[in-house]
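The primary structure of each chain is shown beneath.
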Amino acid sequence: MTVNFTESEERRALRAAVAALGRRYGHEYFTAKARAGEKTDELWADAGRLGYLGVAVPEEYGGGGGGIGDLAAVCEELAAAGCPLLLTVVSPAICATVIARFGTGEQKRRWLPGFAAGTTKMGFAITEPDAGSNAHRLTTTVRRDGDEWVLDGGKYYISGVDEVEAVLVVARHVAPGAPRGAAPGDRLRPSLMIVPTDAPGFTHRHIPMEVVSPEKQFTCFFDDVRLPLDALVGAEDAGLAQLFAGLNPERIMAASFATGMARRALDLAGEYARTRTVWDTPIGAHQGVAHPLAQCAIQVELARLMTQKAAALYDAGEDRAAGEAANMAKYAAGEAVAGAVDQAIQVHGGNGLSSEYGLGAMLAASRLSRIAPVSREMILNFVAQHTLRLPRSY
């Protein structure tokens, strides 16, 4: 395929429009909502009404008919404006993509218009306490019982359960009559189930976090949750390809989320370095300040370029190559944002941790980009095995 390294006029116009929306709300709105334990519902609703959340939903269901690269641009620009919406990584990127690619006609009609308009939010649940990033050790199971599915197990660090209508749950498919739970050595047969948050047997518990964010994290419990047969998305045993149809967009979006934050940090640092004067000289004139910021800027742009490549590959249907590029983009973006925020704080000195400048609140969020949704170590394992063809080390 051919990758155009100049974004289309439509993509650039989308970025400008989303950036303008983000500036109308801004960092102060975002942090005030987060610290008060409130949601950024007004921003989400406006983004949905203007069509930004649905840019990658097929046109026949009310969306913009674009690709994951368009949605990633929306995510990045909101983050760069100081109001990153974590659920854009989950609801319109993972869940809408999976349903658009593998859902039945009825599932598409039921869910995609809401994703397109921003009136529907859906969570995504794959991580488990004892599995971490290893999808092969998932123990949450789904089995058929007559004309119903029965879901058992639990998930950990699931975003936004308190504000979504349903959660797309990854579970091992087991035979009818099999015992509850799955042994870690069982062959992974991933099934994707749409589970309403009000389903009997589905409970969740808040996980307190130091990250300043309106979106909260939860532990989820599934105790004999009974679901209709049409809760299954795709085939019972479609394999990992179906699962990674959602995980590759997740990594692309996570990279954009991180690079957007990094851009904001560098914008703040650059403004401070240009205007903060010590001994009659702006501190940005000193190479000890300028060079570290320049290095961060280079790393951010490299991460953005890799994210663009990953999105282009995914939108072209080259899933295998997109998986490699998406992992690399996510790794690069996580390193870039952690470095950029850290250096921005250093440039500000004591002001870097004051509430006035807003960088302290970004510190935990930027560090999280090296951990979630997949750790930097697991990405290095992936690249070592699949790109360098080295022996598997885990």
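The structure this text deals with has already been given above.
Computed from a predicted structure; not experimentally measured.

Visitor: I'd like a description of the packing of helix α3 (residues 68-80) against helix α6 (residues 240-275), backed by residues and values.
Guide: With their axes 7 Å apart at the nearest point, α3 and α6 run at an angle of 30 degrees to one another. Looking at the two axes, α3 sits roughly parallel to α6. Considering how the two elements wind past one another, α3 and α6 form a crossing that is right-handed. On α6, the residues that touch I68, L71, A72, C75, E76, E77, A79 and A80 of α3 are P249, I252, M253, S256, F257, T259, G260, M261, R263 and R264. Its residues assigned to classes, the contact of α3 with α6 comprises 11 nonpolar, 3 polar and 4 charged.

Visitor: Can you explain helix α2 (residues 41-49)? Please cite residues and give values.
Guide: Of all the residues in α2, the buried ones are L43, W44, D46, A47 and G48. Against the buried residues of α2 lie α1 (9-35), α3, α4 (87-102) and α5 (105-117).

Visitor: I'd love a proper account of the side chain of R370, names of residues and values included.
Guide: By the element assignment, R370 lies in the loop between α9 (360-368) and α10 (376-387). Among the polar contacts listed, one links the side chain of R370 to the side chain of E335, at a separation of 2.8 Å. Beyond its immediate stretch of four places on either side in the chain, R370 contacts K330, G334, E335, A338, S375 and R376.

What counts as what
- Residues numbered from 1 in each chain as written.
- Predicted model: local features only at pLDDT ≥ 70, side-chain atom pairs only at ≥ 80, totals over all residues.
- Heavy atoms only, no water.
- Axes fitted to C-alpha atoms, helices over the stretch in contact; angles between N-to-C directions.
- Helix = DSSP H or I, 4+ residues; strand = E, 2+ residues; numbered from the N terminus.
- Parallel < 35°, antiparallel > 145°, perpendicular 65-115°, else oblique.
- Left-handed = near helix turned anticlockwise from the far one by under 90°.
- Contact = heavy atoms within 4.5 Å.
- Nonpolar A, V, L, I, M, F, W, Y, C, P; charged D, E, K, R; others polar.
- Buried < 20%, exposed > 50% of the residue type's maximum accessible area, 1.4 Å probe, protein only.
- Polar contact = N/O pair within 3.5 Å; in protein donor to acceptor, adjacent residues only side chain to side chain.

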